[in-house]
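Each chain, written out:
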Amino acid sequence: MTPVDPPAPTPAGLLLAAGAGSRMGMPKALVHDERGSWLERGVEVLRRGGCDPVVVALGAAPEAADLLDGSVTVVVAEDWADGMGASLRAGLAAVAGLGPAVPSVVVSLVDLPDLVPEVVARVVGGAVGAGAAAGTLARAAYDGVPGHPVLLGRDHWAGVAAAATGDRGARDYLATADVVLVECGDLASGRDVDSR
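Residues numbered from 1 in each chain as written. Predicted model: local features only at pLDDT ≥ 70, side-chain atom pairs only at ≥ 80, totals over all residues. Heavy atoms only, no water.

### What to know about the overall build of the protein chain
When its secondary structure is counted, the protein chain shows 5 helices and 9 strands. Order of helices (α) and strands (β) in the protein chain, N terminus to C terminus: β-β-β-α-β-β-α-β-α-β-β-α-α-β. Computed over C-alpha atoms, the radius of gyration of the protein chain comes to 16 Å, within 12% of the 16 Å expected from 2.2 N^0.38 for 196 residues, which places it in the range of a compact globule. The C-alpha extent of the protein chain, read off along each of the three principal axes, is 60 × 35 × 35 Å. The buried share of the protein chain, taken over its 196 residues, is 46%. Sequence separation of 24 or more characterises 70% of the internal contacts of the protein chain that already satisfy a separation of 6 or more. Per element, the accessible surface of the protein chain, about 9,100 Å² overall, is 54% carbon and sulfur. Distance between charge centroids for the protein chain: 3 Å, based on 14 positive and 24 negative side chains. (Helix = DSSP H or I, 4+ residues; strand = E, 2+ residues; numbered from the N terminus. Rg over C-alpha atoms; globule rule 2.2 N^0.38 Å. Buried < 20%, exposed > 50% of the residue type's maximum accessible area, 1.4 Å probe, protein only. Contact = heavy atoms within 4.5 Å. Areas by Shrake-Rupley, 256 points an atom, 1.4 Å probe, with all protein chains shown as cover. Lys, Arg positive; Asp, Glu negative; His and termini not counted. Charge placed at Lys NZ, Arg CZ, Asp CG, Glu CD.)

### Observations concerning the pairing of strand β8 (residues 145–153)
Relative to β8, strand β6 (residues 104–109) runs antiparallel, the two being bridged by 4 bridges. What sits directly across from V106, in β8, is L151. In this sheet, β8 lies alongside strand β7 (residues 137–142) in antiparallel orientation, the contact comprising 5 bridges. Residue pairing for β8: R139 is matched across the bridge by V150. With antiparallel pairing between neighbouring strands as the criterion, β7 and β8 make up a hairpin whose turn holds 2 residues, including D143 at a positive phi of roughly 55°. (Pairing = 2+ DSSP bridges.)

### A closer look at the side chain of D111
When you line up the elements, D111 lands in the loop between β6 and α3 (117–130). Within the structure, the side chain of D111 is placed 2.7 Å from the side chain of K28, a separation counted as a polar contact. (Polar contact = N/O pair within 3.5 Å; in protein donor to acceptor, adjacent residues only side chain to side chain.)

### A closer look at the environment of S71
Here S71 is to be found in the loop between β4 (54–58) and β5 (72–76). At 2.4 Å, the side chain of S71 forms a polar contact with the side chain of D69.

### What about the pattern of salt bridges?
On inspection of all chains with the given rule, the structure shows 5 salt bridges. Residue D111 pairs with K28 through a salt bridge whose shortest N-O separation is 2.7 Å. Taken as a pair, D111 in the loop between β6 and α3 and K28 in the loop between β1 (12–17) and β2 (32–33) lie far apart in primary sequence, 83 residues in all. With its nearest N and O atoms 2.9 Å apart, the salt bridge here joins D33 to R41. For D33, a relative accessible area of 24% puts it in the partly exposed group. (Salt bridge = Lys/Arg side-chain N within 4 Å of Asp/Glu carboxyl O.)

### Focus on the side chain of S87
Mapped onto the elements, S87 comes out in helix α2 (residues 84–96). If sequence neighbours within four positions are ignored, S87 has contacts with L16, A18, A57 and A77.

### Side note on α2
For an α-helix, the turn length of 3.6 residues means that residues three or four places apart are oriented alike. For α2, which comprises 13 residues, the first-to-last C-alpha distance of 18 Å matches the rise-based estimate of 18 Å (1.5 Å per residue) to within 8%. Three or more residues of α2 are buried, namely G85, A86, S87, L88, A90, G91, L92, A94 and V95. Among the structural elements, β1, β4, β5, β6, β8 and α4 (157–163) are those in contact with the buried residues of α2. (Expected span 1.5 Å × (residues − 1).)

### Notes on the environment of V193
One can find V193 in the segment after β9 (180–183). For the pair V193 and R23, spaced 170 residues apart in sequence, the C-alpha to C-alpha distance is 9.6 Å. Dropping the residues within four chain positions of it, V193 is found in contact with M24, K28, W38, D111 and P113.

### Here's the deal with the environment of Y173
With respect to the helices, strands and loops of the structure, Y173 is situated in helix α5 (residues 171–175). Placed 13 residues apart in sequence, Y173 and V160 show a C-alpha to C-alpha distance of 5.8 Å. Ignoring any residue separated from it by four or fewer positions in sequence, one finds Y173 in contact with L137, H156, G159, V160 and A163.

This is the structure:
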């Protein structure tokens, strides 16, 4: 009998949805459009793109947790008003709390309404092709411009959390690291939406 390689460990998904959405006029975690809830859609895109489990970081609108089913881990970033870095730190801590079997996390934003599961799957596939999941960094690019989602291997979580301040998230950390860019401009625009 030929030995079978075990399947590659599945990355977790982390959806950042903590902001107040001041330019939107409401927290983006509560925004609905003709296709439904941005929050629910963001979770579904991560799941269908290959992420399991999924964590959502809320802040300005903790009541948005009521939109989600019990299969989603929700963390509330109490210091969400400090910027995206606060929700990223809270989310990474929640993902780390899921245990050592989670090798990586795909971080996405709630305000990317045209993101599709194929983008997430392509970023995950690009990371797997790059080698060891725990040490890998990969991110979607749109016509060569880096964007979201971003895959962070476990080996990078502490460094990303330490660098995540204000609205900068993982940007400063990624600027100094070897990141696999995965072109996804044929699948989505990668643009976040700040106003109706």
